[in-house]
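As a plain string of letters, each chain reads:
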Amino acid sequence: MTRDIAIQTAAAQYDSGRFLNDLRRRVAFRTESQEPESGGRLRGYLDEELTPLLAQWGFTCRIVENPVNGAGPFLIAHRHEDDALPTVLSYGHGDVVRGYDAQWRAGLTPWDVTIDGERWYGRGTADNKGQHSINLAALKAVLHARDGRLGFNLKLLFETGEEVGSPGLHELCSRLRDELAADVLIASDGPRLCADRPTIFLGSRGLVNFKLELTLREGGHHSGNWGGLLRNPGVVLASAIASMVDAHGKILVDGLRPPPIPESVRRALAEIRVGGNPGEPEVDRDYGEPGLTPTERVFGWNNLEVLAFRTGNPEKPVNAIPPHAIAYLQLRFVVGTNWQDLERIVRAHLDAHGFDMIELEVERGAPATRVNPDNDWVQWALRSLRETTGADPVLLPNLGGTLPNDVFAEVLGMPTLWVPHSYPGCSQHAPNEHLLGPVVRDGLRIMAGLFWDLGARDAGASNPAPHPTTLA
Ligand SMILES: [Zn+2]
């Protein structure tokens, strides 16, 4: 049996409609983790949909209750072949964001898969049911092509609370560190760089949100009689923000800037062009950190954004000096940024610039992660994708967005390879979420090739996986 057969078997599941049937059944589970009454359906997805399938493929499955009260359960599945083989951890989430049923285009519903041209509409098709379904179908193809073996050990972790911030995931992973140990994480979520470019990303930027607020007095006062006499909180807050980020998006606070972009990251990013796809806004060439390419700005640097700003009553402006102003800011950051110290850094900056009356509240944060692009696993995966597709895949040292990847990279301490099967225009988290049929088929082939190569350890293997490290 050969690599080609694994790949053909995976693609055949697409061509025959089997994959669509499986996905349709999964999308029909209304697993909206943001809705409190979804508990039973979240469990049902793990219990009724995934467990029987995995058990049939020789996985030992168990549902693990969430250590956080009221949050959805986890599924942990193991398939062990031999201690001498590499061990892979994979991850997916069974929950989806709210359906927003009424807002979908006519003829579409979030809870069934509707095909229109290349687009496969349905809630969770892109995030994340479609993506983990591709990986499961590819596993099945490899099991078939290798006569019931994978050639590696596999651990699967599914959560049901990703869309509400992954409650309990860190705690679970630290508690089960030994049980979930693996040589590498291979999972799928998020978008490719663009639809037709197979992509591997190795982590994500982090984010931290914070609020600046200034209340100077009780109510508003006539702007003619009091203008020039009373400090305007809107003006003060706008000036404070302008002291932190300039009109071209350059971050002016040293502590919020990242270290220089490492050479290996710069090299990986040099191949990549961002923007320019149909339906995307035009990139502002003169915005962001000077001296960096647009690609470096979004994948290799930090940005400080104003998400919302309010003073007075924008819906009904009146001729008054408002008493209050509030702004919600966000820092997106790469590895090496001292984000955990953000409160101290921003406070010191505000105080030093005469803005000590502004209140600062840090609301939430998520760390950044990144694997060195020169890592053996990364290079191995790039070769595998190249062999399957005949083209150079895109390598992103990290996504521009944010994933809970630190649980794998830091808590479990393994290199993390993400192979996304979605694309930037997929309307993830919005009405009309969809996958692209051709990307599904491509994803099935890519993952079958990757899983095949993981288990190809004989002398003739074209791309054997790096040697297991967990045995050391
Ligand atoms: Zn999501």
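The coordinates are above.
Residues numbered from 1 in each chain as written. Predicted model: local features only at pLDDT ≥ 70, side-chain atom pairs only at ≥ 80, totals over all residues. Heavy atoms only, no water.

**Notes on the sheet that holds strand S4 (residues 114–116)**
Now for step 1: With respect to topology, three strands assemble into an open sheet ordered S4-S5-S17, the strand pairing being antiparallel. Each edge of the open sheet carries a strand with a single partner, namely S4 and strand S17 (434–436). Ignoring strand direction, the axes of neighbouring strands in this sheet form an average angle of 25 degrees.
Now for step 2: Taken together, the three bridges between strand S5 (residues 119–121) and S17 define a ladder with antiparallel strand orientation. Looking at S17, one finds that Trp 120 is bridged to Leu 435. (Pairing = 2+ DSSP bridges. Helix = DSSP H or I, 4+ residues; strand = E, 2+ residues; numbered from the N terminus. Axes fitted to C-alpha atoms, helices over the stretch in contact; angles between N-to-C directions.)

**Structural notes on the pattern of salt bridges**
Now for step 1: Enumeration over the complete set of coordinates arrives at 25 salt bridges.
Now for step 2: Glu 81 serves as the salt-bridge partner of Arg 79, at 2.5 Å between the closest nitrogen and oxygen.
Now for step 3: Relative accessible area serves as the criterion here: at 10%, Arg 79 is assigned to the buried category.
Now for step 4: A salt bridge links Asp 374 to Arg 267, with the shortest nitrogen-to-oxygen separation between them at 3.7 Å. Of this pair, Asp 374 sits in the loop between strand S14 (359–366) and helix H11 (376–389) while Arg 267 sits in helix H8 (residues 263–270), placing them 107 residues apart in sequence.
Now for step 5: Looking at Arg 267, the relative accessible area reads 46%, which means it is partly exposed.
Now for step 6: Residues joined in a network through salt bridges with shared partners are Asp 22, Arg 25, Arg 26 and Glu 49. (Salt bridge = Lys/Arg side-chain N within 4 Å of Asp/Glu carboxyl O. Buried < 20%, exposed > 50% of the residue type's maximum accessible area, 1.4 Å probe, protein only.)

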